[in-house]
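# Remarks on the overall topology
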Amino acid sequence: MRVGAVQCLVHNDPAAPGSPADPNQTYVMNCQRTGPGLTVAVRSLGADGNRDPAKIASLLEQAWDTLSR
């Protein structure tokens, strides 16, 4: 999933065939932004507090802004 310039890998726990993914059974595994000379990545070690890719992407963007100066 892409959130702005950040790409995130999202894990969905299995759902019944034909059913949509349950947001409560989805979590962000990692997010990354890459540019010339810099890559910033965030990796998740679990699902707790890790369900919203936009929040993780926002944290990563803050780190990117600091490190790319």
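Residues numbered from 1 in each chain as written. Predicted model: local features only at pLDDT ≥ 70, side-chain atom pairs only at ≥ 80, totals over all residues. Heavy atoms only, no water.

### Let's talk about helix H1 (residues 53-67)
Here H1 is 15 residues long and its end C-alpha atoms lie 21 Å apart, about the 21 Å a rise of 1.5 Å per residue gives. Within H1 the residues assigned to the buried category are Pro53, Ile56, Ala57, Leu60 and Trp64. The buried residues of H1 occupy one face: seen down the axis, they fall within an arc of 95°. Residues of H1 that are exposed and angled more than 90 degrees away from the buried face: Lys55, Leu59 and Thr66. (Helix = DSSP H or I, 4+ residues; strand = E, 2+ residues; numbered from the N terminus. Expected span 1.5 Å × (residues − 1). Buried < 20%, exposed > 50% of the residue type's maximum accessible area, 1.4 Å probe, protein only. Arc of directions from axis to C-beta.)

### As for the sheet that holds strand S2 (residues 6-12)
Read from one edge of the open sheet, four strands run S1-S2-S3-S4, paired in antiparallel fashion. The sheet is open, and its two borders are formed by strand S1 (2-3) and strand S4 (38-43), each paired with just one other strand. The pairing of S2 with strand S3 (residues 26-35) spans six bridges and is classified as antiparallel. Bridging from a neighbouring strand, His11 pairs with Tyr27 of S3. (Pairing = 2+ DSSP bridges.)

### Remarks on the nonpolar core
The biggest cluster of nonpolar side chains holds nine residues, and these are Val6, Cys8, Val28, Cys31, Val40, Ile56, Ala57, Leu60 and Trp64. When contributions to this core are tallied by element, the ones reaching two or more residues are S2, S3 and H1. A per-element tally of this core places H1 first, with four residues. If near-sequence neighbours (up to four positions away) are discounted, Ala57 is found in contact with Val3 and Val6. (Core = buried A, V, L, I, M, F, W, Y, C linked by side-chain atoms within 4.5 Å. Contact = heavy atoms within 4.5 Å.)

### A look at the state of the cysteines
If you walk through the whole model with that rule in mind, you get one disulfide. In this model, Cys8 is linked to Cys31 through a disulfide, with the two sulfur atoms separated by 2.0 Å. Because the sign of the S-S torsion sets the handedness, a value of about 105° for the bond joining Cys8 and Cys31 places this disulfide among the right-handed ones. Linking Cys8 in strand S2 with Cys31 in strand S3, this pair joins segments that are 23 residues apart in sequence. What makes Cys8 buried here is its relative accessible area of 5%. Of the residues examined, Cys31 reaches a relative accessible area of 1% and is grouped as buried. (Disulfide = S-S within 2.5 Å.)

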